[in-house]
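Tertiary structure, described
Listed here are the chains, written in short residue letters.
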Amino acid sequence: MSSNVVTPLPAAPQPPSPKGRGLARGIVLVLVAAFVACAAWLSHEALSRAGLVAPRASSIVYDRNGAFLTQIGEKTSDPATGKLRVDYGYWPLKTIPQKIAQATLALEDRRFYAHPGVDLRALTRAAWRNFTSRGRREGASTIAMQVARMQTERPRSLTEKLMQAATALAIVARSGHEATLAHYLRLAPYGLNGHGVAYAARFYFDRPVDDLSWAQAALLAAIPQSPGRMNITRESGLALAAARARRAIARLEDEGALDATQAALARAELDHMRSLDAKRRPEALHLALRYEALAREGLARPVADDDRRINATIDLDVERDALHLARRYLSNFRSRGARQVAVMVVERGTNAVIADVGSTDYSDPQAGAFDFTRVRRSPGSTLKPFIYALAFELGVLGTTDLLNDIPEGASGVSNADGLYLGPLTPRQALANSRNVPATNLLRRVGLEANFNFLRDLGLHDLETPAESFGISMAIGALPTRLEDVMRGYAALADDGMMRELAFTRDAARRPPRRVLSVDSARLVTSMLADPQARLPSFPRYGPLEYPFAVAVKTGTSQAYRDAWTIAFSHKFIVGVWIGRGDAGAMRAMTGVSSAARLAHAVLAKLHDAKPGEITPETFTPPPGRIAIDLCRAGTEGDCAQTLREWVKPAEMRDAQDVHASPAQRASVDESSYSQTDGAAPLVIATPEHNTHIWRNPEQPDRLNRLALKLAPTDKDAQIVWTIDGEPFATAQADETVFWPMTPGRHRIQARLALAPVASRAVRIVIE
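Moving on: the sheet that holds strand 23 (residues 737-740). Pairing is antiparallel across the open sheet formed by three strands, whose spatial order is 18-20-23. Pairing within the sheet leaves two strands with one partner each, and these edge strands are strand 18 (684-686) and strand 23. Between one strand axis and the next, the sheet turns through 35° on average, direction left out of account. Both strand 20 (residues 705-710) and strand 23 contribute to a ladder of four bridges, which runs antiparallel. Across the sheet, the residue bridging to Ala-707 is Phe-738, located in strand 23.

Printed below as a string of structure tokens:
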């Protein structure tokens, strides 16, 4: 018996409840809204990053002979470590260099012109290979994606990768393929923190990017993949880069960009390449820092926007010689307390700085980090030539006038040697660097006039009253810098024309301006170049004398804190400072015994002077003046020693009548005349010979004075009164001079200045 079993049919699915349907629809809407929001945000961010921007282009500084000097980079923060780093390069391109462009695309993005910024084919291939194989992972970043990454470097992540892809699409859509490729070639890293192919071509091969060979272009194109590993200044890095460059050459040959001959030449060049020399700046870090400061201030300009070379006036060979000599001489002076030295060399006529040594070594713990060419120090006597130049310029001083180097009226000023030389011509007073005549002359011309003139020369920029320095500004009270003193002496050497110092060949400078007449400038130059006029303070054939024409001035500050020398020849101006960073005193370190020796060595090296060689040359004399020979002040008898002086024709007869030796009364040059009679005899009218005089002890000292007067003679003659053989005063022949009487026996005499004419001695007794 069978039975029928009825199997129930499954229940029909129940439609979702209204509540379930609403939840699903809500989730979908939320997902859609999130996707739209993400897409909108991604698009907005991508568009905001789509502009082509680059860091400020750096510069490379080369010396006047094309040798690498330094490079000026930009400090940035490393996104990976957060540490500061210095980047170089980012030079713009006028046009896309075809060799480097083709080599780059062969290695980095072969389908560059076929995709919109993201290569889906390359992405798919890279994903499959990374999934199916082990080892080094393959990327698919296009040129545009790399531009997006380099413009805004951030830590790597999936989100950032998506952002780079979106930004790449926006960059190509906005700027096009050519601009994107050009920007890549400006930003790409080429090792040693350098960026941009134009910079790399100049840095590694010292040539424009358009002049690269195929091998050089392929080598540079290989580097951006791994700039640290492919450092072509090392053999290992060069080998890696060259291997990748050969792949670029092979692909270019396959594509027909290179024929077989070109490819073979490129491979041969790669085979014979050796690691490139790493560019190293010179030892003098101060020099690099100066050019960095000049570039920041816009005073050192590159050749062009796409050629960021700065052509310096510095000659690195001269710089090294000056540094070597500075170290050698300083080592000799350390036992006397010297610790630092600075040297500058300027080309005369152009004011181009060819050597600039700020200290012996930047890392020297003895204040080596200070650039002493730019530190204000007491200049000693180095400003005296400008005091005399202003006096000549204003007509206050003549070349045959007499300046007293005597204790009377010195206002407490003394000379460095503690001696007084009596009446001197301006030539003798300046060449002997006497303090008393210089301060008296400054007082005569005026404190304010001198203070303003020194400021006009750029020797200071102070707004304080001149009275705060007083007459001591002539002997070192006014602080100044070596570079400012160099510029001032350059104006003297350049016939009174003031020019800015030039540190680069291409920088615009203010036009020169006249600060002194040709006459005044050449007069002072002739005085500084006269070795005979320096006697007796500076003996002949010492460090101030050269085998060629040189004008030289030394300076020593109070307590031997600073020793200076400025010297210029027909070709160069050399400035030397020696001292201490703590402004401490040295031991008997005068300018002539220290700085002058170093300056002499530097200038002799510049002129390649050989021992025993003498160049018979002189500086150009002042125009419109005639040379005459005068008797030296202090000489007796038949004028055994003479000085050459330059006088104006209108002053010539008076100068010869009063100052010249009877044997030297003819002018040199083209004019001459004779004098029939010698100078008029001198007769002392008062006091009389063998006079016995009693002082009144009840009178003040200012009234116990004895009148000294000559019998009538040529009133224009200048007279030197001597007491016991020592010069006491200088006066006109018709002027009465008063001598403060001192007890004892005395011998009084009058003589013509600079001529062997003297009165009979008058002997007196003071009780």
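Moving on from the model shown.
For the rest of this paragraph, the subject is the nonpolar core. Ranked by internal contacts, the top residues of the largest apolar core, which has 76 residues, are Tyr-291, Phe-386 and Tyr-388. Considering every element that reaches this core, the biggest residue donor is helix 16 (residues 482-493), with eight residues. Not counting chain neighbours up to four residues away, the residues in contact with Phe-386 comprise Phe-453, Leu-454, Leu-457, Leu-459, Gly-488, Tyr-489 and Leu-492. Core analysis: the second largest hydrophobic core is formed by 64 residues, Leu-105, Ile-143, Val-147 and Leu-258 among them.

Attention now goes to a negative patch on the surface. A cluster of acidic side chains, namely Asp-714, Asp-716, Asp-734 and Glu-735, defines a negative patch on the protein surface. By the element assignment, Glu-735 lies in the loop between strand 22 (726-732) and strand 23.

Spatially, five strands are ordered 19-25-24-21-22 in an open sheet, and the strand pairing comes out mixed. Pairing within the sheet leaves two strands with one partner each, and these edge strands are strand 19 (691-693) and strand 22. Strand-to-strand twist in this sheet, taken as the mean axis angle between neighbours without regard to direction, amounts to 25°. As paired elements, strand 19 and strand 25 (residues 762-766) share three bridges and run parallel to each other. In the sheet register, Ile-693 faces strand 25, and the bridge partner there is Ile-766.

If you walk through the whole model with that rule in mind, you get 37 salt bridges. Overlapping salt bridges bring together Arg-290, Asp-356, Arg-481, Glu-483, Asp-484 and Arg-487 as one network.

Our next topic: the environment of Thr-373. Tracing the sequence through the fold places Thr-373 in the loop between strand 8 (352-357) and helix 12 (384-394). A residue is classified by how much of its surface remains accessible, and Thr-373, at 0% relative accessible area, is buried. For the pair formed by Thr-373 and Val-357, sequence separation is 16 residues and the distance between their alpha carbons is 7.5 Å. Apart from the residues within four sequence positions on either side, Thr-373 is in contact with Arg-290, Ala-342, Val-343, Met-344, Asp-356, Val-357, Gly-358, Arg-481, Leu-482 and Glu-483. Among the polar contacts made by the side chain of Thr-373, one reaches the side chain of Arg-290 at a distance of 3.0 Å.

Among the surface-exposed residues, Leu-23, Ile-27 and Leu-31 lie close enough to one another that they form a single nonpolar patch of about 330 Å² accessible area. In this structure, Leu-31 sits in helix 1 (residues 18-48).

Take the packing of aromatic side chains next. With the rule as written, the count across this model stands at 14 aromatic pairs. Considering the side-chain rings of Tyr-62 and Phe-68, the 6.4 Å spacing of their centres and the 85° angle between planes classify their relative orientation as edge-to-face. For Tyr-62, a relative accessible area of 4% gives the class buried. For Phe-68, a relative accessible area of 12% corresponds to the buried category. Taking the centre distance of 5.2 Å and the plane angle of 75° together, the rings of Phe-386 and Tyr-489 count as edge-to-face. In this pair, Phe-386 is assigned in helix 12 and Tyr-489 in helix 16, connecting sequence segments 103 residues apart. A single burial state applies to Phe-386 and to Tyr-489, both of which are buried. An aromatic cluster is defined as three or more aromatic residues linked by ring pairs; in this entry it consists of Tyr-62, Phe-68, Trp-91, Tyr-199, Phe-203 and Tyr-204. Note that Lys-279 overlies the ring of Phe-203, its terminal NZ or CZ placed 5.2 Å from the centroid. Over the face of the ring belonging to Tyr-541 we find Arg-540, whose NZ or CZ atom lies 4.8 Å from the ring centre.

Every regular strand shows the same layout, with side chains that alternate between the two sheet faces. The element strand 15 (residues 572-579) is largely enclosed, with a buried count of eight among its eight residues. Sheet analysis places strand 7 (residues 340-347) next to strand 15, joined by eight bridges and oriented antiparallel. The partner of Val-345 across the bridge, within strand 15, is Val-574. From the end of strand 14 (residues 562-568) to the start of strand 15, which pair antiparallel, there are three residues.

Calculation rules
- Residues numbered from 1 in each chain as written.
- Predicted model: local features only at pLDDT ≥ 70, side-chain atom pairs only at ≥ 80, totals over all residues.
- Heavy atoms only, no water.
- Pairing = 2+ DSSP bridges.
- Helix = DSSP H or I, 4+ residues; strand = E, 2+ residues; numbered from the N terminus.
- Axes fitted to C-alpha atoms, helices over the stretch in contact; angles between N-to-C directions.
- Core = buried A, V, L, I, M, F, W, Y, C linked by side-chain atoms within 4.5 Å.
- Buried < 20%, exposed > 50% of the residue type's maximum accessible area, 1.4 Å probe, protein only.
- Contact = heavy atoms within 4.5 Å.
- Patch = residues over 30% accessible without salt bridge, like charges linked within 9 Å, V, L, I, M, F, W, Y side chains within 5 Å.
- Areas by Shrake-Rupley, 256 points an atom, 1.4 Å probe, with all protein chains shown as cover.
- Salt bridge = Lys/Arg side-chain N within 4 Å of Asp/Glu carboxyl O.
- Lys, Arg positive; Asp, Glu negative; His and termini not counted.
- Charge placed at Lys NZ, Arg CZ, Asp CG, Glu CD.
- Polar contact = N/O pair within 3.5 Å; in protein donor to acceptor, adjacent residues only side chain to side chain.
- Phe/Tyr/Trp six-rings, centres within 6.5 Å; stacked < 30°, edge-to-face > 60°.
- Lys NZ or Arg CZ within 6 Å of the ring centre and 35° of its normal.

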